[in-house]
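# Results of the structural survey
Here is what each chain is made of, one letter per residue.
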Amino acid sequence: MESQSLNVGEYVDRMALLLDLQITDEYRDGVVANFEKIKAIAHLVNSFPLPEDIEIAPVFEP
Amino acid sequence: MNDAVSIAAAVRAGKVSAAEVTKAALARIAARDHELNCFTAVTTETALADAAQIDQEVAQGNNPGLLAGVPFAVKNLFDIAGLTTLAGAKINAKNPPATQDATAVTKLKQAGAVLVGALNMDEYAYGFVTENFHYGATRNPHDLRRVAGGSSGGSAAAVAAGLVPLTLGSDTNGSIRVPAALCGVFGFKPTYGRLSRAGVALFSSSFDHIGHFARSVQDIATVFDVLQGEDDRDPICTKRPLQSCLPQLNKDISDIRIAIADDYFIKGAEAEALAAVQKVADALNVTEYVTLPEAHRARAAAFIITASEGANLHLDKLRLRPHDFDPATRDRFLAGALIPSSWYLQAQRFRRWYRDRIREVFQNVDVILAPTTPISAPLIGQKTMMLDGEEILIRPHLGLFTQPLSFIGLPVLSVPIQSLNGLPLGVQLIAAPHNEALILRVASVVEDKVMKISHPKVCSEDFSP
């Protein structure tokens, strides 16, 4: 998913199909723009090297 | 009487009736709310009936509670029996009315407080401005051309404007602290899980907190003490023992180690926001700095989790009624629904790592100071701001300094500070989980020493009938 060649528009269309979401032409550009932003933000987190023993908590406690 | 505690004392002593106080609040709302747009519903009939009940208790010599006769209102995502819970969304407007109050509403009523209505917010709490697409923008009482902040904008503005002395809100990534700062009131977000969310419409389950707004530290502490307690209706509500904060307010704070957050928290803020922090630091004789490592990445992970959990909660409505959403909310939710699980889980794993690093920080410091927002209230409709010479979007970045703290559920109080330009700003007092009492003790000193916020000239300075 981190590939430079990912076509976000195509990803949005295919995932919407999988999730049964009707993304009409009226707001497809807005969704694509938002997902572009999410992708960039996610890269910041995904590129951070976490130790393998770090798990998510099944019940989060601060 | 300019705070909740003084109203309650006067009601209990029979110096003023709860009915008089309630009628005065309803009159202020009737006179002012058309220009502020804080309220989405006013519960006149039940408020007057509840106030009469409080007066009857007083007449019979009973103690009607710590908040006797205090008018309060709640963000319209708290259930109020007999009223439809909107959560700021048009989609919910035709839902059946709630059959019981949210736990927090019940607790305030049991303490004698009188509910007068429901308050405006960003749709589904997804925003920092309360420019609600369906119900209109809530205006900042200090300057009606400006936003109140969000998503609990109605809650903050109603207290700042003197309509009511006490309101409830919710905070996912800063939705109590941001509007508190922009409107110049205290806004408290206790530790994740400390207060029951039963009967509150959720936005992002693993981030959502409830909390409250008031004009004094004593009011904040009183309400916190009233709202605490485990609740079988809320699975994440802690079973830890109660921590009564009110008796600790006037304790000496010389044993509390306080530091200013540096690095991430001093970049990207306007000079006046940093000056507000410095003003508090000077009052407390604080000269130490501390770094919260990877705060920028924490904010990014918070963004991913919020977008994913928020979208998931509303997936059915996104399938069936996408046109009934605010277009901006809809597009963000739809994009959030497409986030791969591996990104979400990586963000949750990072959350665990970040929590452990911040625990280490709190081995050397007890309370941390940081700006609440990077700027004071922007104009309604304003899309961008200049920070560090860069033009950036306002809506997401008002939460720049709040998001990394709710990410791991830390307790935070935003204290109001008067800025040089006359608009309010907030300074966050941050502690380790379940150390609310430390925050409130420090806040009490700040309240005494630092120049008090001036109340908006157009609005009520006190709550006297």
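Under an unreviewed UniProt entry, chain B has the name AtzE family amidohydrolase and belongs to Halotia branconii CENA392.

Naming follows an unreviewed UniProt entry, where chain A appears as DUF4089 domain-containing protein of Halotia branconii CENA392.

What follows deals with the overall build of chain A. A tally of helices and strands in chain A yields two helices and zero strands. Per-residue burial for chain A yields a buried fraction of 39% across its 62 residues. Put simply, chain A shows about 4000 Å² of open surface, and 52% of that area lies on carbon and sulfur atoms.

Another aspect to go through is unusual backbone geometry. Residues and elements named next belong to chain B. Note the cis peptide between Gly 150 and Ser 151, where omega equals 5 degrees. Within the element layout of this structure, Ser 151 appears in the loop between strand 7 (143–147) and helix 5 (153–160). Of note in the backbone geometry, Asn 285 takes a positive phi value of approximately 55 degrees without being a glycine. Judged by its relative accessible area of 65%, Asn 285 falls in the exposed class. Although it is not a glycine, Glu 294 sits at a positive phi angle of roughly 60 degrees. The residue Glu 294 is located in the loop between strand 12 (289–290) and helix 9 (295–313) in this model. Judged by relative accessible area, which is 21%, Glu 294 ranks as partly exposed.

Here we come to the UniProt feature "domain: Amidase" (unreviewed entry) in chain B. Mapped onto this numbering, the UniProt entry gives "domain: Amidase" (unreviewed entry) at residues 20–440 of chain B. Annotation note: span residues 20–440 of chain B, helix share 36%, strand share 18%, distance between end C-alpha atoms 31 Å.

Criteria and thresholds
Residues numbered from 1 in each chain as written. Chains lettered and ligands numbered in written order. Predicted model: local features only at pLDDT ≥ 70, side-chain atom pairs only at ≥ 80, totals over all residues. Heavy atoms only, no water. Helix = DSSP H or I, 4+ residues; strand = E, 2+ residues; numbered from the N terminus. Buried < 20%, exposed > 50% of the residue type's maximum accessible area, 1.4 Å probe, protein only. Areas by Shrake-Rupley, 256 points an atom, 1.4 Å probe, with all protein chains shown as cover. UniProt positions renumbered as here; feature names shortened; annotations may be inferred.

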